[in-house]
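# Structural characterization, general
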Amino acid sequence: MAFTEDDRRFLDLAIEAARTSMSQGGIPIGAALVHDGTVLAVGHNCRVQKGSAILHAEIDTIERAGRQPATVYRNSTFHTTLSPCFMCAGAALLYEIPRIVIGESRTFEQSESLLRDKGIELVIVDDVRCKELMDALIANSPELWSEDIGVESVALESVELDGTPDPR
């Protein structure tokens, strides 16, 4: 399925959540979980704000959606501003969420081949607003970004476009 006008609206909600996180001093990643055109929840990365080790945007969004029947997840779409890490991809796989709309994956890409191999439809938008939010975080707080993706702090010039450290 292609990127739709509804997808645009739901990605806009995720972007707004990412901006909220950034305004709170957190990681600017947001997500929305949508079932049959109805927004179940919108969340954002809350690791900094709540001192959490795991509250990435997708995890926060699932938590905010509350307990749902399996059929709801199996007919839902995640809209996220950044390509999911393995933890967030694992949550999508666990709940069998069949489709993920990704705002951008140039800053960080870790799980897309895994998700595709498991039959998840990925729609990569390459939205400039998502990229700008991540660029601002990395420029202003590289240590937060390193912590969020589970790597030791790295110099900006040694980070590849996908967010992983350059082995040089």
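As a starting point, this report considers the structure included with it.

So, how was this worked out
Residues numbered from 1 in each chain as written. Predicted model: local features only at pLDDT ≥ 70, side-chain atom pairs only at ≥ 80, totals over all residues. Heavy atoms only, no water. Phe/Tyr/Trp six-rings, centres within 6.5 Å; stacked < 30°, edge-to-face > 60°. Helix = DSSP H or I, 4+ residues; strand = E, 2+ residues; numbered from the N terminus. Buried < 20%, exposed > 50% of the residue type's maximum accessible area, 1.4 Å probe, protein only. Salt bridge = Lys/Arg side-chain N within 4 Å of Asp/Glu carboxyl O.

## Section: the packing of aromatic side chains
Under the counting rule described, the total for this entry stands at 2 aromatic pairs. A centroid spacing of 4.4 Å and a plane angle of 35° characterise the contact between tyrosine 73 and tyrosine 95, whose relative ring orientation is tilted. One end of the pair, tyrosine 73, is in helix H4 (residues 70–73); the other, tyrosine 95, is in the loop between helix H5 (86–94) and strand S4 (99–102), and 22 residues separate them in sequence. Ring centres of phenylalanine 108 and tryptophan 145 lie 5.8 Å apart, and the angle between their planes is 90°; this geometry places the pair in the edge-to-face category. Here the residue phenylalanine 108 occupies a position in the loop between S4 and helix H6 (112–117), and tryptophan 145 occupies one in helix H8 (residues 142–148), the gap between them amounting to 37 residues. On the basis of relative accessibility, which here comes to 4%, the residue phenylalanine 108 falls in the buried class.

## Remarks on the pattern of salt bridges
Inspection of the entire model under this criterion finds 14 salt bridges. Of the charged contacts in the structure, one is a salt bridge between arginine 99 and glutamate 121, with a shortest N-O distance of 3.5 Å. Remark: glutamate 121 occurs in strand S5 (residues 121–124) and arginine 99 occurs in strand S4; sequence separation between them is 22 residues. Note on glutamate 121: relative accessible area 25%, which makes it partly exposed. Within the structure, one salt-bridge network assembled from shared partners comprises Arg8, Asp12, Asp127 and Arg129.

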